[in-house]
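Structural overview
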Amino acid sequence: MTATLNNQYVPAHGVRAPAGRAPALRVGPTPVLVGIGLGGVAVLALWWTNTTTIVGLGDYLTNAGRITGLLAGYGAIILLGLMARVPALERGIGTDRLTRWHAMGGRYTVSMLVAHGLLITWGYAVTARTSVVGQGLSLIKDYPDVLYATIGAVMFVVIGALSARAARKRMSYEAWHLIHLGTYLAIALSFLHQFSTGADFVGNKPAQYAWSTLYGVISVLLLWYRVVVPVRSAFRHRLRVAGVRMEGPDVVSVYLSGRYLDELKAEPGQFFRWRFFTPSSWWASNPYSLSAPVSGGRLRITVKDAGNHSASLAQLQPGTKVMASGPYGAFTGGVRRRRKVLLIGAGVGITPLRALLETLPGRPGDITLIYRARHMSDLVLRAEIEEIAFDRGARVHYLVGTREQLGGDPLSAEQLEYLVPNLKHHDVYLCGPENLTSATRESLRDAGVARRRIHHESFEF
């Protein structure tokens, strides 16, 4: 097993899960997408069964508003479900992909929500032969639930705008996360008007029960997996900071001790959301990957200073209480399909790859690691990586320097094929900043690596 001496991990290579442990349940992308699609069809069927005749422009506009409203309400359910942190989805699909689906679904839902408000108001205005602005003010004045829904819709639009990539890059993860919590209030404000003014629900008890059940189930999942499970886990495992070690400029490893850590079923490549109970960081829960396998009652994360929360980790004192939610992510050995494996990491993205390098089964020569950095000082955990590679017979390539210094893109298709013979027959694990992972995925595809064998994770949330 992996032992810990003076807060340094001594590698034990090819670590396996304990014998007899049942594999964790995973639900892949296909059944989830099929389920979402069937739900969308059911929503359209609800509108169809409650619609008799459509006559004139007013009716067409109003019914278009009904459809977009139903789809917006359904989209809100899907958005919450994707981020409910259900373990089967986290392991089978992965947080990285779920986050991208959530972002795409958010744009769709906001678009449907805006279209719903405009089309309904326009349709009513045409039917009543009044102005759109006057009709809108009348709806807000005469129907209190519509006023609340309007406030919720405005919140949705604002949150959506702040979640756009250009805006998100200008704020810390903590600020983005806090603003994003407003989504729950926006959905709550929008919910009641569906039953009080929605033509598909007024007087339709079966539809009301079904709709309420969908929202109720998602609410229970959110409460259970985002609140109850982390709190229960905190009492069960009693995590504490065991020590802190500087690994390089602005990079720190935090060692944690606790009880029954094997029950977490954490796999190399996964991450937890960590809450450290100090005066400056108790309120924030941030995602950090394990940088070594769980062993001997110890966990380890390695974090780069990228904001107030991560910078404060260097000041943690032994004994500090910790709450960990997880594990999350599908960036594990479970998705591997080929004997040959290439690991590509950059920046703090090396941390889950270091854990995978130690634990992925394989013979000498099966595993190759490419470590991209701008400066030699950025090569954190280098001594551990070289020791593991030497003992396992793995190859390590360091690509250090700017593109200008290296004479071009060191992760181009040509360079990757030169460094890794028969690259197209490898499974590839890729982790790092979003711009690097995006460009390298294209290089791998150009080199003939099948899309399904490129497993990637970024640190964009």
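Notes on the structure follow. Keep in mind it's a predicted model, so treat the numbers as computed, not measured.

1. Let's talk about the nonpolar core
Residues Leu98, Phe156, Phe201, Trp211 and Tyr215 are the most contacted members of the largest nonpolar core, which totals 36 residues. Broken down by secondary-structure element, the contributors of at least two residues to this core are helix H1 (29–49), helix H2 (56–82), helix H4 (95–128), helix H6 (144–163), helix H9 (182–197) and helix H10 (205–237). Of the residues forming this core, the biggest block, 10 residues, is contributed by H2. Residue contacts for Phe201: discarding those within four places in its chain leaves Leu46, Leu70, Gln194, Phe195, Ala207, Gln208 and Trp211. Phe331, Leu343, Leu357 and Leu379 belong to the second largest nonpolar core, which has 22 residues in total.

2. Notes on a negative patch on the surface
Taken together, the side chains of Glu414, Glu417, Glu442 and Asp446 present a region of like negative charge at the surface. Looking at the negative patch, the elements that each hand over two or more residues are helix H15 (413–419) and helix H16 (434–446). Locating Asp446 in the fold gives a position in helix H16.

3. Some points on the pattern of salt bridges
Per the stated rule, a full pass over the model turns up 12 salt bridges. A salt bridge links Arg100 to Asp96; the shortest N-O distance between them is 2.6 Å. Note that Arg100 and Asp96 are positioned in helix H4 at a spacing of four residues, about one turn of the helix. Three or more residues are tied together by salt bridges with common partners; here these are Arg300, Arg354, Glu358 and Glu384.

The rules behind each value
Residues numbered from 1 in each chain as written. Predicted model: local features only at pLDDT ≥ 70, side-chain atom pairs only at ≥ 80, totals over all residues. Heavy atoms only, no water. Core = buried A, V, L, I, M, F, W, Y, C linked by side-chain atoms within 4.5 Å. Buried < 20%, exposed > 50% of the residue type's maximum accessible area, 1.4 Å probe, protein only. Helix = DSSP H or I, 4+ residues; strand = E, 2+ residues; numbered from the N terminus. Contact = heavy atoms within 4.5 Å. Patch = residues over 30% accessible without salt bridge, like charges linked within 9 Å, V, L, I, M, F, W, Y side chains within 5 Å. Areas by Shrake-Rupley, 256 points an atom, 1.4 Å probe, with all protein chains shown as cover. Salt bridge = Lys/Arg side-chain N within 4 Å of Asp/Glu carboxyl O. Lys, Arg positive; Asp, Glu negative; His and termini not counted. Charge placed at Lys NZ, Arg CZ, Asp CG, Glu CD.

Function-wise, these values are silent; they only describe arrangement.
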